[in-house]
Amino acid sequence: MTRRLPIEAAEAAFRDLGGFAAPDSTVPPPARLLDAVRRFAAVEFEVSTELPEQDGLLFQYATVGATGDAAFVLSVVRQFEVVDADGDHEEYVQLHAEYRFGPDPEWTGHHEDWWFRGGPEPFDDWFARISAHPVWGRFTHSPPTGFEISQETV
């Protein structure tokens with residue numbers, strides 16, 4: 001039986017798998033982040049297994065902020081649902097690995113692509129799709145202005 005980690009250990013586990021120092025002093029290349037995400041997805045955490053939506057990964061990007069203060073954000077998020085003793089939703093805990101770029105008129109709007117442990121889509125299919133997404137080409141045109149890993153309750 002695989003040992004399941006407490007949700008509180010998610011950030012430390014992710015940082016360890018990717019060799020990411022805290023605080024984030026360097027911006028890792030996409031291949032390094034994606035390798036860490038692939039390995040991190042295999043780590044099981046102490047979440048209820050009743051519904052697949054209780055442990056998932058999200059690949060997303062969007063332009064955020066107001067004109068003059070806008071940024072293009074590209075991130076991978078692992079989300080855990082925390083439930084009470086009766087199985088009712090209490091909160092979500094999210095681990096974010098986020099690149100920030102200056103605004104770019106070529107990449108606008110918002111894109112989300114979810115995968116859930118125990119859901120119908122195999123992880124390898126989701127991972128292949130997000131790894132091949134054209135947005136990763138953004139790194140060849142302009143480097144990120146920052147990178148951050150954080151864990152929060154929402």
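Right above here is the structure, for reference.
Residues numbered from 1 in each chain as written. Predicted model: local features only at pLDDT ≥ 70, side-chain atom pairs only at ≥ 80, totals over all residues. Heavy atoms only, no water.

A.B. asks: How should the packing of aromatic side chains be read in this particular structure?
C.D. replies: Both the distance between ring centres and the angle between the ring planes are used here to describe each pair of aromatic rings. What the rule picks out here adds up to 19 aromatic pairs. Ring geometry for Y99 against F147: centres 4.9 Å apart, planes inclined by 50°, an arrangement best described as tilted. With Y99 in strand β3 (residues 89-101) and F147 in strand β5 (residues 146-153), the pair connects residues that are 48 residues apart, well separated along the chain. The pair Y99 / F147 is uniform in exposure class, with both members buried. The positively charged end of R78 is found above the aromatic ring belonging to F40, 4.9 Å away from the centroid. (Phe/Tyr/Trp six-rings, centres within 6.5 Å; stacked < 30°, edge-to-face > 60°. Helix = DSSP H or I, 4+ residues; strand = E, 2+ residues; numbered from the N terminus. Buried < 20%, exposed > 50% of the residue type's maximum accessible area, 1.4 Å probe, protein only. Lys NZ or Arg CZ within 6 Å of the ring centre and 35° of its normal.)

A.B. asks: Looking at this structure, how should I read helix α1 (residues 10-18)?
C.D. replies: Every α-helix carries 3.6 residues per turn, so stepping three or four residues along brings you back to the same face. Where α1 is concerned, the buried positions are A10, A13, F14, R15 and G18. On its buried face, α1 is in contact with α2 (30-41), β2 (71-83), β3 and β5. One or two residues past the end of α1 sits G19, with phi positive at roughly 65°. (Contact = heavy atoms within 4.5 Å.)

A.B. asks: Honestly, the packing of α2 against helix α3 (residues 123-131) in this entry has me stumped. Any pointers?
C.D. replies: Helices that pack against each other are described as a pair by the angle of their axes relative to one another and the distance between those axes. Running from N to C, α2 and α3 point in directions that differ by 165°, and their axes come no closer than 12 Å. As judged from the angle between their axes, α2 and α3 are roughly antiparallel. In this structure, the crossing between α2 and α3 has a hand that is right-handed. Residue-level contacts link L34, V37, R38 and A41 of α2 to F123, F127, I130 and S131 of α3. (Axes fitted to C-alpha atoms, helices over the stretch in contact; angles between N-to-C directions. Parallel < 35°, antiparallel > 145°, perpendicular 65-115°, else oblique. Left-handed = near helix turned anticlockwise from the far one by under 90°.)

A.B. asks: In this structure, what is going on with the packing of α1 against α2? I would like to understand it.
C.D. replies: Running from N to C, α1 and α2 point in directions that differ by 125°, and their axes come no closer than 9 Å. Looking at the two axes, α1 sits oblique to α2. The crossing of α1 and α2 is right-handed. Contacts from A10, A13, F14, L17 and G18 in α1 reach R32, L33, A36, V37, R39 and F40 in α2. The residue inventory of the contact of α1 with α2, partitioned by class, reads eight nonpolar, one polar and two charged. (Nonpolar A, V, L, I, M, F, W, Y, C, P; charged D, E, K, R; others polar.)

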